[in-house]
Amino acid sequence: MVSGTASSCVNHPSVEATGRCKQCSKPFCDACAVKGATGNFCSAHCQARHEAFVKRAATLDDMTRDTSFFAKLWMRIRKLLVFALVALVIAVALHFLFHVNVPYLSDFINENL
Ligand SMILES: [Zn+2]
Ligand SMILES: [Zn+2]
């Protein structure tokens, strides 16, 4: 017995399938095919589910784009913070190791330490 093969329609086991549902992957024949805006489906139920899925995916896409914008902004701020920290370390090293008078920093160190 070879019922349920990939090549026969899910509703008509004797009819050869012409496509697969984009939502549930079930094979269907021309008579059962539901042609939707996002693809071909085995039923209107699957079509509705897939269209809802596509809409949700598009919304998620927008959200990811927003997140990546803030992520990029945060990366820039972090780079600036790291740069400022490195500059401060270099200035302190110049002051202590090479006795270079660093404007503001040397005054601050002399007054407070
Ligand atoms: Zn389906
Ligand atoms: Zn069919």
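Residues numbered from 1 in each chain as written. Chains lettered and ligands numbered in written order. Predicted model: local features only at pLDDT ≥ 70, side-chain atom pairs only at ≥ 80, totals over all residues.

**Comments concerning the overall build of the chain**
Logical step 1: Looking only at helices and strands, the chain has 2 helices and 4 strands in total.
Logical step 2: The order of α-helices and β-strands along the chain, N terminus first, is β-β-β-β-α-α.
Logical step 3: In terms of overall size, the chain is more extended than a compact globule, its C-alpha atoms giving a radius of gyration of 33 Å where 113 residues would be expected to give roughly 13 Å.
Logical step 4: C-alpha atoms of the chain, sized along the principal axes, occupy 95 × 30 × 20 Å. (Helix = DSSP H or I, 4+ residues; strand = E, 2+ residues; numbered from the N terminus. Rg over C-alpha atoms; globule rule 2.2 N^0.38 Å.)

**Observations regarding the environment of Cys-32**
Logical step 1: Within the secondary structure layout, Cys-32 lies in the loop between strand S2 (27-28) and strand S3 (34-36).
Logical step 2: For Cys-32 and Gly-19, which are 13 residues apart along the polypeptide, the C-alpha to C-alpha distance reads 9.9 Å.
Logical step 3: Aside from chain neighbours lying at most four places away, what touches Cys-32 is Cys-9, Asn-11 and Cys-42. (Contact = placed C-beta atoms within 7 Å.)

**Focus on the packing of helix H1 (residues 44-97) against helix H2 (residues 105-112)**
Packed helices, taken two at a time, are described by the angle between their axes plus the distance between the axes.
Logical step 1: Taken N-terminus to C-terminus, the directions of H1 and H2 make an angle of 60°; their axes are 10 Å apart at the nearest point. In this structure, H1 crosses over H2, and the sense of that crossing is right-handed. Of the residues in H2, those in contact with Ala-91, Val-92 and His-95 of H1 are Leu-105, Ser-106 and Ile-109.
Logical step 2: Considering only residue class, the contact of H1 with H2 consists of 4 nonpolar, 2 polar and no charged. (Axes fitted to C-alpha atoms, helices over the stretch in contact; angles between N-to-C directions. Left-handed = near helix turned anticlockwise from the far one by under 90°. Nonpolar A, V, L, I, M, F, W, Y, C, P; charged D, E, K, R; others polar.)

**Brief notes about the environment of Lys-22**
Logical step 1: For Lys-22, the position within the fold is in the loop between strand S1 (19-20) and S2.
Logical step 2: Overall, Lys-22 belongs to the partly exposed group, with 18 C-beta atoms counted inside 10 Å.
Logical step 3: Residues Lys-22 and Val-100, 78 residues apart in the sequence, show an inter-C-alpha distance of 71 Å.
Logical step 4: Once you skip the residues sitting within four places of it in the chain, Lys-22 turns out to touch Thr-38, Gly-39, Asn-40, Phe-41 and His-50. (Buried ≥ 20, exposed ≤ 12 C-beta atoms within 10 Å, placed from the backbone.)

**Description of unusual backbone geometry**
What you tend to see is this: most non-glycine residues have negative phi, and most peptide bonds are trans.
Logical step 1: Although it is not a glycine, His-99 adopts a positive phi angle of roughly 55°.
Logical step 2: When the 8 C-beta atoms within 10 Å are taken as the criterion, His-99 is described as exposed.
Logical step 3: One non-glycine residue, Tyr-104, lies in the positive phi region at around 70°.
Logical step 4: Relative to the helices and strands, Tyr-104 resides in the loop between H1 and H2.

**Structural notes on the confidence of the model for the chain**
Logical step 1: On average, residues of the chain score 87 in pLDDT, and 95% of them are at 70 or above.
Logical step 2: Predicted confidence for residues 1-5 stays below pLDDT 50, and this span has 1 contact to residues more than four positions away or in other chains. (pLDDT = per-residue confidence, 0-100.)

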